[in-house]
Amino acid sequence: MTKGYGSTSTTNEPSTPSLTRNEQSIGGGTSFTNESEPLLGERLLLGNDEYDGNATPVMRRPNAEEGKLFYTDVSTIGKEDSDDENADPHIGINVFTNDDSNTLSYSRDFDDSTLGDRYFRETSRKGSYDAIDEGNEEEEGNGGRKRQGIMSVVLPEVENSRQVYFLVCFGLAVGIAMCAVAALAYIEYWHHYGVDVLPDQAGNSTAGGSTAAGDKVMSDGSAHGVPFRKISRDSFGDPVSNILDVDLFHPSLFYRGDSKRTIEGERMAQPFFKFPFPTGAFWTNLVLHPVENKQQQQGQLSSLTQKENDRDKNQYSYPIVAYPYSFQWSPLGKLQASYSAARRTAQPDSIHDAFAPDITFGSVEEISARRIVKFDSLSVSLRFYSDGSKDGGSTGYWESYIVQGSPYITACYFGLTPELTALSDFEDIACPPVMNQLKVKMDGLNQSSSSNSTKRRMLSSTTSATGPDTAKMLGICDVSDDSTQQSKVITGVQFVVTTKEQLALLVFASDPITFIFRKDARHSITSKDLFGGVIRVALVPPAASKADGSMVPNSLDLDYLSSSSGVKRLIYHADAYPIGGSVSWDFRSGTRSPLAATSSGGSRSTLGSDNDKGIASTSTERNIGTITFQFDTMHMTQSSPSSKVPLLMLSLPHHAASISSAEEMLLEPTEFDLLYRTIKGRMTPIVGNSWSYEVELTTIGFGDEPIAKPSPSASVETKTKTTLNRHQTTSEFTAVAALDQSIRDLILQTVDSDLKINLPDIANGAYGFGKQIARLAQLAHIAERVETENAITNPQNRSIPATSSVGGQARRAYALLEMYLIMWLAGDDGSGRLVYDANLGGILSKEGTKDVFSDFGNGRYNDHHFHYGYVLYAAAVLGRRSPHFVSQYGSYIDAIFYDVAHNSNAIIKNGKKDDAFFPFARHKSWFDGHSFASGLFPFADGKSQESSSEATNCYYGAYLWSKVRWGGSADGNKLVNFARLLLATELTGAKTYWHMVPQVENGDQSAGNRRLVNSWQPPRAYSSLFEKNYMVGNLGMTDVTCTTWFGTEKVYVHLINFMPVTAITSELFDKGYVKEEMKALSDSASIDYAWKGYAVCHKAILEPTEAWTDAQSLISNQLDPGLSKSQVLYWVSTREGFAPSTEAITSPGNDIAVEGGDDSADSTIPQGRSSSSDHDSSCEGNERCAAINLVGQCCPTSEGMFLSCCN
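A quick note: this is a predicted structure, and the numbers were derived from the prediction, not measured.

Participant: I'd love a proper account of the state of the cysteines, names of residues and values included.
Facilitator: Counted under the stated rule, the structure contains one disulfide. C431 shares a disulfide with C477; S-S distance 2.1 Å. Disulfide C431-C477: the torsion about the S-S bond is -70°, which places it as left-handed. You can see C431 sitting in the loop between β19 (426-430) and α10 (447-457) and its partner C477 sitting in strand β20 (residues 477-479), a full 46 residues away along the chain. Relative accessible area serves as the criterion here: at 23%, C431 is assigned to the partly exposed category.

Below you can see the structure in the form of structure tokens.
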């Protein structure tokens, strides 16, 4: 049994970091790996027992003498290896470059192992030197010194014959020392002025021996280096300034702090910003050059320049979304906010919330510049400068804090004149009709806090036209005597503004402010004077009036505002406003106990409750992840901490279903009767500066592990939609053991066939190669699992050699897997197929740098988690079997891991911002609860994502790699659990916002607000009409559709969210959902052949026996590149309820022929194939084989195998 994926207790191999193949430096010490022992693939493919082919294989192999990697022909083994002067000892592979600045250094410790190796090689020639010296000594003995002079004076103790040799060696030593000093200085220079090199920050102690990775473990997840060539974006014609409007960033955010210097140095391979740019952040639309959709579709993004985009100075950015509002800004210094759900249009297969500026913030003064000044995972802060203030002048500025989940829009003015602008016209600005409510204690509110808030909102006697006593009575608002028929002058700290669109806006000010509303020009409301303080606006959402959740115009009822519990809450909590936020997490053992599910309704205080700890579990593995949002909060008034009003925020449905800690949850209309809606459903109010929710972590590993019996408490389930069962019920470990021997033989025969077709193409881009290499990894995994079971059940007829842990097919598959993976990572010349974008901080495919749309936009950070998730999975499968691959190439996979699953927040919190190579979990939107695939492309619907299953596969691959790489130590398990958390949130997000099951309407209650009697349920994301599609195709931040980028057929929508098929698929698609989902697929038309394999696997979840029959007719090389017939057969046969008939078992299928001539089941002649001698066996004689350019013998091959292309 495997003793932990990150440790191998049976080896004494020292722990080494992952950067170099030859020598690793850890805290001043040096550890060596046994480079003389070949890689797994080399042992297999270069051996004479496992590789069978006509061509001489070319393999990457280590040279034990030199400690370097190079390609060698098998036929030359045994010949003297030639030196390679271009070898980089820091990497362990050959690096060919025209400029040393294009390569990264990975350790400050000087590595002279190559020099040492060369020195010891010279000792082989020592005999010739000794012969010469002895001859000289004889001459000196007979004739005395024949040569005298300065040499004898300088080196009197050295024999004449050795003086020249000694000086030569001394000169070489001096020269080497000078080169070493220069090299160290060079490395240090690039450390400070190029891409920083991460220093040693932690020890490398592990539990149970050294890790299989042989690398040091860092609890903060920092990479020790990036083993890919670093490049500038300018080198491939897509500089940062071509993507981002760099003038929109505060100078302090740039590397070296100067935007002009940064742009001038953009051609150098150095960071553009002080931080790896968060390409997946929700706010990137604000800084991307806006383009027309037509231009984007025609691939003209790269031709756009900043100058061209700034021609229209009034051009607004594309919207960003901070639920429940959308925002966009313009060079004129305006910030538009929209409650887009008020303009929802719903169709049976789509929902769209349109942007329209319900309220626009600005100033009377002209704005000369706007900047992003701060951002984090939950917010972005924008600042608008008037003339002179951007250069440190005294003119003034205003800023806005856009924070996810805030029901208010907040702006803070510093010496400017605020101006509010309507979409069309304002109807009026008035004092709130609820002003008397401040005298009455509201249910659930603290009386002392309410009293303090009341005092703050009372006007001073000097600002009231009617005297101090009246001011105290009116308290919050007063219409000035300066008002006329043409203009209204109103002073106060609370106002109600109504619009022509029948919307009501609550306006709050930190200090008394006088607004002027000109009735002859109703488009704007302006302040009378300069203002220094905070203005907050909360839009009162209109009620949904249709079953699909769309809105219709209705008359504004101000009397409703005076009695609304939601309005009371908005007034009460207006004093506390967030300016930013952070995400943190922790892990524990036990079960989830969501507070909302245990509440019978009403508000629920959760601080200090037993639910914070959950139910204790006897399991030592931490199976619960707790995510906490901590909001940085300020108050509009200065008051004692005990009397400060708590923050009011809004949560999405997946939050509300799993909240475990908060001050209050407002679950009932009596507590909050306003319904804020988003594209993801109704938001639930949460009170508190911080709140937490929990997700259950998966227990699924590679899928073939024995199932651990869960603790009794683990069976406790809460009755909420988003509760997920993370405990395995079936395992390949038991399923394969239960299979009939003939089925196992058939699977191995199919694997043998699949290993000869559809092998990976390293030039196929990150996505294409990723799918192919993951397919190959699954073939290796399947072959190993089946061959291992065969060896257990049939020891007398072992298919596994006694000296090996895997059998023939598995060993061959692993060898191919290793060969192709190393070729892709390191390449023929050491460069591989990936590069490091030093400007923005990320791994790019070389194909993705050809133009902005190549490799699905990889060069602009589209779909990285889709692309690299496949590679992570394949590397984990290989690394589990080959510790040498992990130790020698682990740093390559680490860099890919960090590109999509990096916890860079830990580095930044430790004060090491410059040491972060990658952004924090690039694609994950922590508030949304899932990933977005969009990179640096502007879209009107904000960020979006199509394939939820491929996103899940990314974090599944990251989780498996982290187990292989770091599992088994305390620090390493932090990385493993973080990857499990990324996976768990993606599973929850997919099940909440992609998987849909229609619900029966309860009476006349509107969609999105259904309740059971005496039982609260979390809001549903979509209306019952839309839920009838069962699967979301593409989810944006303001729209959702049941279509895909490539087609509208239902089957494609479902299957693009089903692929790939791995062990985690069984958790993503449970039987209950698939049973409902099949209703939508029952009337689907025929699909392209490439998708048929996925359709069979999907069917197998419910009907594995019927799916087995369907799988027999599949042709492997016509399936999707990420799938093979072997995978389909293996998946189907390991599903619960699989019980094929004898006929189904003994029919190998249309593309399999079995060697042998006995009467056993495994000798069946393939159906539809002729065994006559006149059958044309050549590839040219079978049109499908000829069509794919195969030559030689195909039907059958020389091994007796019929390829899938045979007629």
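Participant: Describe unusual backbone geometry, naming the residues involved and giving the relevant values.
Facilitator: Of the consecutive residues Y323 and P324, the connecting peptide bond is found in the cis state with omega at 10°. With a phi angle near 65°, Q502 is a residue other than glycine that sits in the positive phi range. Tracing the chain through its elements places Q502 in the loop between β21 (487-499) and β22 (504-518). Even without being a glycine, D863 presents a positive backbone phi close to 60°. Mapping D863 onto the fold places it in the loop between β35 (842-845) and α20 (864-881).

Participant: Tell me about the sheet that holds strand β28 (residues 659-661), and please be specific about residues and values.
Facilitator: Across the sheet, four strands lie side by side as β25-β26-β33-β28; this open sheet has antiparallel pairing. Strands at the two margins of the open sheet, each flanked by one partner only, are β25 (576-588) and β28. Across the sheet, the mean angle from the axis of one strand to that of its neighbour is 30°, orientation sign disregarded. Here helix α24 (residues 970-993) sits on the sheet in contact with β25, β26 (624-635) and β33 (690-696), set at roughly 90° to β33.

Participant: If you had to explain the environment of F384 to someone new, which residues and values would you point to?
Facilitator: The residue F384 is located in strand β15 (residues 379-386) in this model. Judged by its relative accessible area of 0%, F384 is buried. C-alpha of F384 to C-alpha of E366: the two residues are 18 residues apart in sequence and 9.8 Å apart in space. Setting aside chain neighbours within four positions, we find F384 in contact with W329, G333, K334, L335, I367, A369, R370, Y397 and W398.

Participant: An account of the nonpolar core is needed here, citing residue identities and associated values.
Facilitator: If you look at soluble globular proteins, the nonpolar side chains tend to sit buried side by side. Core analysis: the largest hydrophobic core is formed by 261 residues, its most contacted members being F277, W283, F361, F629, F885, W926 and Y1022. Considering each element in turn, this core owes the most residues, 13 residues, to helix α19 (residues 808-826).

Participant: Please give an account of helix α28 (residues 1071-1081) that cites residues and values.
Facilitator: Buried residues of α28: Y1073, V1074, E1077, A1080 and L1081, and no others. Down the axis of α28, the buried side of the element spans an arc of 100°, and every buried residue falls inside it. The inward-facing, buried residues of α28 contact α26 (1050-1056) and α29 (1089-1100). Of the residues flanking the start of α28, the one acting as N-cap is D1070, its side-chain oxygen 3.1 Å from the backbone nitrogen of G1072.

Participant: Give me the sheet that holds strand β40 (residues 1039-1041): which residues, what numbers.
Facilitator: Sheet architecture is open: five strands sit in the order β11-β12-β40-β39-β38, paired in antiparallel fashion. Of all the strands in the sheet, the pair left with one neighbour each is β11 (344-347) and β38 (944-945). Where β38 meets strand β39 (residues 1034-1036), two bridges bridge the pair, whose relative direction is antiparallel. Looking at β39, one finds that Q945 is bridged to L1035.

Participant: Report on the side chain of N285, specifying residues and quantitative values.
Facilitator: Here N285 is to be found in the loop between α7 (259-264) and α8 (293-297). For N285, a relative accessible area of 5% translates into the label buried. Those residues in contact with N285 that sit more than four places away from it in its chain are S317, Y318, P319, I320, F937, P938, F939 and G942.

Participant: Run through a nonpolar patch on the surface, naming residues and quoting values.
Facilitator: On the surface, a cluster of nonpolar side chains totalling about 480 Å² of accessible area is made up of F166, L167, F170, V174 and M178. With respect to the helices and strands, M178 occurs in helix α5 (residues 160-193). According to the relative accessible area criterion, M178 is exposed, its value standing at 57%.

Participant: Can you tell me about the packing of α20 against helix α21 (residues 883-901), naming the residues and giving the values?
Facilitator: Where α20 contacts α21, the axes come no closer than 10 Å and their chain directions differ by 160°. As judged from the angle between their axes, α20 and α21 are roughly antiparallel. Two packed elements cross with a definite hand, and for α20 against α21 that hand is left-handed. Here H864, H865, Y868, V871, L872, A875, L878, G879 and R881 of α20 lie close against α21, whose contacting residues are P883, F885, V886, I893, I896, F897, D899 and V900. Its residues assigned to classes, the contact of α20 with α21 shows 12 nonpolar, three polar and two charged.

Participant: For the pairing of β22, give the residues involved together with the corresponding values.
Facilitator: Where burial is concerned, most of β22 is hidden: 12 out of the 15 residues are buried. Of the pairings in the sheet, the one linking β21 to β22 comprises 11 bridges and is antiparallel in character. Its bridge partner lying in β22, V489 is registered against I516. The pairing of β22 with strand β24 (residues 531-540) spans six bridges and is classified as antiparallel. Bridge assignment links F508 to a residue of β24, and that residue is R536. In the sheet, β22 pairs with strand β23 (residues 524-527) via three bridges, with the strands oriented antiparallel. Following the sheet pairing, F517 is matched in β23 by I525. The antiparallel hairpin formed by β22 and β23 contains five residues in its connecting segment.

Participant: So what about the pairing of strand β34 (residues 834-837)? Which residues, and what values?
Facilitator: By the alternation rule, side chains of β34 split into L834 and Y836 and V835 and D837, which are all buried. By the bridge criterion, two bridges tie strand β7 (residues 230-231) to β34 in an arrangement that is parallel. For K230, the partnering residue across the bridge sits in β34 and is Y836. Here β34 pairs with β35 via four bridges, running antiparallel. Within β35, the position partnered with D837 by the bridge is G842. Connecting the antiparallel pair β34 and β35 is a turn made up of four residues, with G841 showing a positive phi of about 90°.

Participant: Explain the packing of aromatic side chains to me, using residue names and the numbers behind them.
Facilitator: A complete count under the given rule lists 54 aromatic pairs for this structure. When the ring of Y325 is compared with that of Y339, the centres are 6.4 Å apart and the planes differ by 70°; the resulting orientation is edge-to-face. Taken together, the positions of Y325 in strand β9 (residues 325-329) and Y339 in the loop between β10 (335-338) and β11 put the pair 14 residues apart, joining distant regions of the chain. Comparing Y325 with Y339, the two get one shared label, buried. Between F672 and Y676, the ring centres sit 6.5 Å apart and the planes meet at 35°, which makes this aromatic pair tilted. An identical accessibility class is assigned to F672 and Y676; each is buried. An aromatic cluster is built from F249, F254, F272, F273, F275, F277, W283 and F375, whose rings are joined through pairwise contacts. R860 extends its terminal NZ or CZ atom over the ring of F937, reaching a point 6.0 Å from the ring centre. A cation sits over an aromatic face here: R1135 above W1131, 3.6 Å from the ring centre.

Participant: Summarise the packing of helix α23 (residues 948-966) against α24; cite the residues concerned and give the values.
Facilitator: Interhelical geometry of α23 versus α24 gives an angle of 165° and a closest axis separation of 8 Å. Comparing their axes, α24 and α23 come out roughly antiparallel. In this structure, the crossing between α23 and α24 has a hand that is left-handed. For the pair α23 and α24, contact is made by S948, A951, T952, Y955, Y956, A958, Y959, S962, K963 and W966 and by G972, N973, L975, V976, A979, R980, L982, L983, E986, L987 and A990, respectively. Among the residues making up the contact of α23 with α24, the classes are represented as 13 nonpolar, five polar and three charged.

Rules of the game
Residues numbered from 1 in each chain as written. Predicted model: local features only at pLDDT ≥ 70, side-chain atom pairs only at ≥ 80, totals over all residues. Heavy atoms only, no water. Disulfide = S-S within 2.5 Å. Helix = DSSP H or I, 4+ residues; strand = E, 2+ residues; numbered from the N terminus. Buried < 20%, exposed > 50% of the residue type's maximum accessible area, 1.4 Å probe, protein only. Pairing = 2+ DSSP bridges. Axes fitted to C-alpha atoms, helices over the stretch in contact; angles between N-to-C directions. Contact = heavy atoms within 4.5 Å. Core = buried A, V, L, I, M, F, W, Y, C linked by side-chain atoms within 4.5 Å. Arc of directions from axis to C-beta. Polar contact = N/O pair within 3.5 Å; in protein donor to acceptor, adjacent residues only side chain to side chain. Patch = residues over 30% accessible without salt bridge, like charges linked within 9 Å, V, L, I, M, F, W, Y side chains within 5 Å. Areas by Shrake-Rupley, 256 points an atom, 1.4 Å probe, with all protein chains shown as cover. Salt bridge = Lys/Arg side-chain N within 4 Å of Asp/Glu carboxyl O. Parallel < 35°, antiparallel > 145°, perpendicular 65-115°, else oblique. Left-handed = near helix turned anticlockwise from the far one by under 90°. Nonpolar A, V, L, I, M, F, W, Y, C, P; charged D, E, K, R; others polar. Phe/Tyr/Trp six-rings, centres within 6.5 Å; stacked < 30°, edge-to-face > 60°. Lys NZ or Arg CZ within 6 Å of the ring centre and 35° of its normal.

Function cannot be read off these values alone, since they describe shape.
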